[in-house]
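# Geometric and topological summary
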Amino acid sequence: MKIHTYEKLWLGAAMVLIVALIATITYGAVGLGISMVDDEEETIDPDALDEDDRFNDPRVEHVGENEYEAYVVARTFMYQPDPIEVPANSEVTFYVTSTDVIHSFSVVGTNINTMVIPGEVSSMTAEFDEPGEYGVVCNEYCGSGHHTMEGQLHVVPEDEFDMTELEVEGDDEVAEDDEVTLNVSVENGMLDDLETTIEAEIGEETFEEDVTVEGDSTYETTITVDAADLGEGDHDWSVTVDDYEDSGTVTVVDDLEDDGGDDDE
Amino acid sequence: MTMSESGGTYIDNFPAEARVVRSALYSSFLALALGGLFGIIQTLHRTDIYRFIESDMYYTVLTAHGVFLVVTFTIFFLVGVFTWAVTTSLDRGVEDIRFTWLWYGLMTIGTVMAAAAILAGFTDSIDMSADVLFTFYAPLQAHWLFYLGLVVFVVGTWLAGADWFRSWWAWKQENPDERIPLPTFMVLTTMLMWYIATIGIAVSILVFLLPWSLGIIDSVNPTLTRTLFWFWGHPVVYFWLLPAYMMWYVMLPKISGGKLFSDPLARVVFILFLLLSTPVGIHHQYLDPGIAEGFKFIAMTNTMFLLLPSLLTAFTVVASMEHGARQRGGTGYFGWLKALPWRDPVFAGMALAGLMFAAGGFSGMINAGMNINYLVHNTLWVPGHFHLTVGTASALTFMAATYWLLPQLTGKALWNRSVALVQVVLWFLGMTFMSNSMHRAGLLGIPRRTAEPQYQGFEFEAGVGSVAELDFQLALGGALLAISIVLFLANVVGTAFNGRSDDLPANEFAETLSGPEDSPQVLDNLKLWTAIAVVLVILAYSFPLMSIVDRGGLYGPDISPFPVSIETLSLLAFTLEQYTTAAIATTGEFVQTTLTGVIR
Ligand code: HEM
Ligand SMILES: [Cu+2]
Ligand SMILES: [Cu+2]
């Protein structure tokens, strides 16, 4: 077959280009270890995510010193959790799945970008060195509200990050000869112990308790005050732990059982 | 090389065929008109410059834009120009014109069915819609009429291919010792590729999506139908491109005033497309979970080799143009460029299309990079890329070729050559703005396929310029393109209303500097190349498909005919490993042998 010299040169150059492209990408994948979304994760039943302990409660978990795992559910037309919060200087592995159609989970301005296919779990790991706020968009068409599907990823400064959750249960109405109780529970989702102070205020009364909440556990305590000390009427209460606060109002009444029961006496 | 002995126009020689080709082209242009209209609507909507539809209707518009342009416009043009190429280069009419009308009819009916399903989405009064975009990924579901329409359309194209094979076969009986004329060779190899490629979509629709939309089956495996889509979805881009390549090979050199540089190399190029177009589809699924990295890697490697035929085409086309220019008295290293017939809209359109295709090739290399793809996947970068390829390399070449073909098909002179020249230049300018802004917007992470890329919670940050500037460029480009389409259509209509002309050029295509006699006979062995192509497809797809079915079930997660067990998985991993090395080795070897074969 007759081939012009220039043509041979061009052919040679073309082959060099192709091989070079393949080599660069192979180096990126193998040498630099840039990993891709693949078939590593097991399949999942998209109709039964509520029975799956990773996705029934979409959340971020602390799993190692600076390591976190985020379990994210994409559905028409939202992400859960939203926002996703992680600290700076951390390594986060995202696990994302869908309950309905195909979506994407794309963190704008980064190469965190994956298809989210019902029945499959996409996993990818990213490092966040600096604090910042990122938008999350769905860039795979998923139906008429596709353009409204967005979320946020907040990378907060390390010293402002915690995974504390405060919950307080208090009575609405208490008899004057009884006690007002607040059941306080402080959950620490981090692996390290949480040293903090529970401060409470009920009417004029104040309380303070220094506590150590162990990693990945919940501390529970009860605060009581004699209703008589507060006196009849409405009393505001509040409980704070670091930046978290819960508050409510309790009403102290003359005699609880007594309502409409005067005849008994 | 056989050529029409009589030296007349196409309509003089083949009046019956001219009618079919004309009908095919007119159908194609109707789709272009509608597609262009939807194109400008969505451009103005996205950029929030002018919105007159609700945002949820944007996706009906986008589905129509995609389907009408890349299925209807391109493929109707293809069947028209291929019929012209086969009859012209074999110098014989089709065997049975009724059969030709049959496939044209099927394609038309299929289009009408699919279009009805899509357009019904605009009104609530008809309980039918197909807002699934041209990729129709399940679990998004269209009305069954949409899927059925696609089936009928594709069957039409299959029969069209059969028509051309039949012509070739009949010709071969009478010319047993002749080489297949180049245009026919190109048609046949392209159709062989198409037959292999359409297996994917045929299975996807007939076995899964159509029964599912009719309620016969309850669920589908979304990864499986998606993979089957891309089994077809990548080669289809060559189905759009190869008719343009054909025109660059057989028409452009002649218009430039010279001859095709090398017939053998043109054959090699089309064979490479037949072999490599299909086993690469997984490169559209780099970001899909549930597909092993090894499979993605194989697709990536094959994709890179697929650059070869395009690079070879670039060389041949430029070399042929240079030859033409020198025949016309051009001199110098680059000075010859000035001697080219830039005022001829046929030439200018094709040359500009080729230039833009080179730019599209660069952004395509980025897309193909497995890991770089993470940055651009599903951003506006991607439409930026393919408006250069199918939206210009194909579309502009088709329009330019029309300026040559239309007089041949009608016997009437082109209505206005200056308007035609303005039209192709406008396309070039419009596309420069539009695709530039799309590429840049994509790098900022602005997604494609979205009615309102303006989000509540955050903003896209432009490094250079601003998002408003990008929107403006996009709209400006879109507007120029829309005007360009109007001018094109005006010329088509104007020509149709012209009177018959007597001094039209004869229906001919380019001669070659180096003809088929310089190439080994084996290049014309279509059976051999088809067999290799099939083997490559089986190698590239059998394991991914098995693994996808294994994971997600044939009909979705609920019914799992292949229970996942440890043994199958580790066996699979092992075979995959074996196979990866083998595949890379064979591809390498294969390329080496073809290359040495070619160079010798
Ligand atoms: C007037 C000329 C045109 C304009 C203004 C235009 C504009 C656009 C725009 C803005 C998009 C992106 C929409 C989005 O992702 O939200 C788009 C998508 C697209 N365009 Fe065009 N376009 C034009 C011509 C063409 C031509 C000639 C072709 C092909 C032959 C084409 C093929 C496509 C395809 C396949 C898509 C993707 C559809 C999808 O994502 O489902 N366009 N066009
Ligand atoms: Cu979406
Ligand atoms: Cu592709």
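Numbers given to residues run from 1 along each chain, matching the order in which its sequence is written. Whichever chain is written first becomes A and whichever ligand is written first becomes 1, with later ones labelled in order. Reporting of local features is limited, given that this is a predicted model, to residues whose pLDDT is at least 70; pairs of side-chain atoms are given and counted only at 80 or more, and all residues count toward the totals for whole chains, interfaces and linings. Neither water nor hydrogens contribute to the side-chain values; these are computed over all heavy atoms in the structure.

## Examining the overall build of chain B
- Runs of H or I in DSSP of at least four residues are treated as helices and runs of E of at least two as strands, each being numbered from the N terminus. From N to C terminus, chain B includes 19 helices and 2 strands.
- The globule rule puts the C-alpha radius of gyration for 600 residues at 25 Å, and the 24 Å found for chain B is close to it.
- Summarising its shape, the C-alpha atoms of chain B cover approximately 70 × 55 × 50 Å along the three principal directions.
- Residues counted as buried form 65% of the 600 residues belonging to chain B.
- Pairs of residues are marked as contacts when any of their non-hydrogen atoms sit within 4.5 Å. Sequence separation of at least 24 residues holds for 83% of the intrachain contacts in chain B that already meet a minimum separation of 6. The globule rule used for comparison is 2.2 Å times the number of residues to the exponent 0.38, while the radius of gyration itself is calculated over C-alpha atoms. Accessible area is worked out with a 1.4 Å probe on protein chains only. A residue is then buried under 20% of its type maximum, exposed over 50%, and partly exposed in between.

## Remarks on the coordination of the copper ion (ligand 2)
Residue and element names in this part refer to chain A.
- Coordination of the copper ion (ligand 2) by the protein involves C138 (SG), E140 (O), C142 (SG) and H146 (ND1), with metal-donor separations of 2.1 to 2.6 Å.
- Only N, O and S atoms count as donors, using a 2.8 Å cut-off from the metal and 3.2 Å for Na, K and Ca, and because water is excluded some sites may appear unfinished. Geometry is assigned from donor-metal-donor angles: four donors are tetrahedral when every angle falls between 85 and 135 degrees, four are square planar and six octahedral when opposite donors sit over 155 degrees apart with all other angles between 65 and 115, and any other arrangement is irregular. Coordination at the copper ion (ligand 2) is irregular: its 4 donor atoms span angles of 81 to 125 degrees at the metal.
- Considered as a linear motif, the donors of the copper ion (ligand 2) on their single chain read C-x1-E-x1-C-x3-H.
- Given a relative accessible area of 0%, C138 falls into the buried group.

## Details of the interface of chain A and chain B
- With 59 residues of chain A at the interface, the matching set in chain B holds 71 residues.
- Here chain A meets chain B over a buried area of about 5,800 Å², counting both sides, of which 68% is carbon and sulfur.
- Whenever Lys or Arg places a side-chain nitrogen within 4 Å of a carboxyl oxygen from Asp or Glu, that contact is recorded as a salt bridge. Counting across the chain A and chain B interface gives 2 salt bridges.
- Measuring nitrogen to oxygen at the nearest pair gives 2.7 Å for the salt bridge that ties R551 of chain B to E120 of chain A.
- Pairs of N or O atoms within 3.5 Å make up the polar contacts considered here, provided that, within protein, one atom can donate a hydrogen while the other can accept it, and that residues adjacent in sequence are counted only when both atoms are side-chain atoms. Taken together, the connections running from chain A to chain B amount to 21 residue pairs in polar contact (both at pLDDT 80 or more).
- For the side of chain A that touches chain B, the secondary structure elements donating two or more residues are α1 (5–31), β7 (113–116), β9 (132–137) and β10 (150–156) of chain A.
- Among the elements that take part in the side of chain A that touches chain B, α1 of chain A stands out by supplying 15 residues, more than any other.
- In this count, Pro and Cys sit with the nonpolar residues alongside Ala, Val, Leu, Ile, Met, Phe, Trp and Tyr, while Asp, Glu, Lys and Arg are called charged and the others, Gly among them, polar. For the side of chain A that touches chain B, the residue count by class is 30 nonpolar, 17 polar and 12 charged. We define buried area as the total accessible area lost by two parts upon association, computed with a 1.4 Å probe and summed across both.

## A word on a nonpolar patch on the surface
- Like-charged residues are merged into a patch within 9 Å and nonpolar side chains (Val, Leu, Ile, Met, Phe, Trp, Tyr) within 5 Å, provided each residue has over 30% relative accessible area and no salt bridge. Accessibility throughout is a Shrake-Rupley quantity obtained with a 1.4 Å probe, and a residue counts as covered only by protein chains that appear here. Together, I199, V203, L206 and V207 of chain B make up a nonpolar patch on the protein surface, roughly 300 Å² of accessible area in all.
- Mapped onto the secondary structure, I199 of chain B falls in helix α6 (residues 182–213).

## Focus on the domain arrangement of chain A
- Each assigned domain of chain A is listed with its residue range as follows: domain 1 (1–30), domain 2 (46–160) and domain 3 (164–253).
- The straight-line distance from the C-alpha centre of domain 1 of chain A to that of domain 2 of chain A is 40 Å. Note: domain ranges come from an automatic or database domain assignment.

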